[in-house]
Amino acid sequence: MNRVLNHLKTITRHRNQVLVHCFRVGIPLQGITHDLSKYSPCEFILGCRFYQGTRSPHEAEREAYGFSFAWMHHKGRNKHHFEYWTDYDYKTKKLSPVRMPVKYVKEMFCDRLAASKIYLKDKYHDGAPLEYFLRSKHTRMIHPETSDLLEKLLTMLKENGEAETFRYIKKLKEYENK
């Protein structure tokens, strides 16, 4: 029962933190609807089963099964994950990353910031989300413009703090990646 309550607390604290961030960057509806699939049975039950409190339960599920069913479900329903934005290229016949609309990059930034705060707790610092991003930058399948924009925002957070970064993000237009 502890795992169930602790997982529920963790995902709810995370959602609430993302909600606050989304309001600050001007996307309140996305904040309200953020990660609702985590409460669905197929994600919630596995989240409880693999809960550790220090990292995503998806990691432990991958270690147990070689993949994460809950993550497969989650990324396919939440457009703020760059993994959602892949499609088959009709020319190359290979899976390719698709450029994310800016409104979802904004939510992805809020999500990464909140996740760093929730999992790192008192070890959190404004450079932590960028450090996490850079650790696997060259191994992920993400559109280069999306990656560049997210890295720019995470770098801005590290160098200038939340208030200035949120002000900047709020002013970003839909397809402005400069």
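Attention in this report is confined to the structure presented alongside it. Within each chain, residue numbers correspond to sequence positions counted from 1 in written order. Where local features are concerned, this predicted model is filtered to residues with pLDDT of at least 70; where side-chain atom pairs are given and counted, the filter is 80 or more; whole-chain, interface and lining totals use all residues. To obtain the side-chain values, all non-hydrogen atoms of the structure were used and water was disregarded.

## Describing the nonpolar core
Consideration 1: For this analysis, a nonpolar core means a set of buried residues of the types Ala, Val, Leu, Ile, Met, Phe, Trp, Tyr and Cys, connected via side-chain atoms within 4.5 Å. Three labels apply to residues, based on accessible area from a 1.4 Å probe with only protein chains included: buried if under 20% of the type maximum, exposed if over 50%, partly exposed otherwise in between. With 28 residues, the main nonpolar core has Met100, Phe109 and Leu153 as its most contacted residues.
Consideration 2: Of all elements in the fold, only helix H1 (2–24), helix H6 (102–120), helix H7 (128–135) and helix H8 (144–171) reach the threshold of two or more residues within this core.
Consideration 3: In this structure, Leu153 is in contact with Val105, Phe109, Thr165, Tyr168, Ile169 and Leu172, ignoring residues within four places of it in sequence. Working definition: helices are DSSP H or I runs of at least four residues, strands are E runs of at least two. Numbering for both runs from the N terminus. Note on contacts: a residue pair qualifies if any of its non-hydrogen atoms lie within 4.5 Å across the two residues.

## Considerations on the packing of H1 against helix H3 (residues 41–49)
Consideration 1: It is the contact of H1 with H3, at a shortest axis distance of 8 Å, that shows an interaxial angle of 115 degrees. Helix-helix and strand crossings are classified by hand; for H1 and H3 the assignment is right-handed. Contacts between H1 and H3 involve Arg3, Val4, His7, Leu8 and Ile11 from the first element and Phe44, Gly47, Cys48 and Arg49 from the second.
Consideration 2: In this classification, Asp, Glu, Lys and Arg are treated as charged, Ala, Val, Leu, Ile, Met, Phe, Trp, Tyr, Cys and Pro as nonpolar, and every other residue, Gly included, as polar. Classifying every residue of the contact of H1 with H3 by side-chain character gives five nonpolar, two polar and two charged. Interaxial angles span 0 to 180 degrees and are taken between N-to-C directions of axes, which are lines fitted to C-alpha atoms, for helices over the stretch in contact. Handedness of a crossing is defined here by the sense of rotation of the near helix relative to the far one, left-handed for an anticlockwise turn of less than a right angle and right-handed for a clockwise turn.

## Focus: unusual backbone geometry
Consideration 1: We note that Asp35 has phi near 55 degrees; this positive angle belongs to a residue other than glycine.
Consideration 2: Here Asp35 is to be found in the loop between helix H2 (28–33) and H3.
Consideration 3: Although it is not a glycine, Lys121 sits at a positive phi angle of roughly 50 degrees.
Consideration 4: Of note, Lys121 is situated in the loop between H6 and H7.
Consideration 5: Overall, Lys121 belongs to the partly exposed group, its relative accessible area being 48%.

## Brief notes about the environment of Glu43
Consideration 1: As for its position among the elements, Glu43 is in helix H3.
Consideration 2: For the pair formed by Glu43 and Trp71, sequence separation is 28 residues and the distance between their alpha carbons is 7.7 Å.
Consideration 3: Residues contacting Glu43, with those up to four places away along its chain left out, are Ser37, Lys38, Ala70, His73 and His74.
Consideration 4: Any pair of nitrogen or oxygen atoms within 3.5 Å is treated as a polar contact; in protein, a donor-acceptor pairing is required on top of that, and neighbouring residues in sequence qualify only through side-chain atoms on both sides. A distance of 2.9 Å separates polar atoms of two side chains, one belonging to Glu43 and the other to His74.

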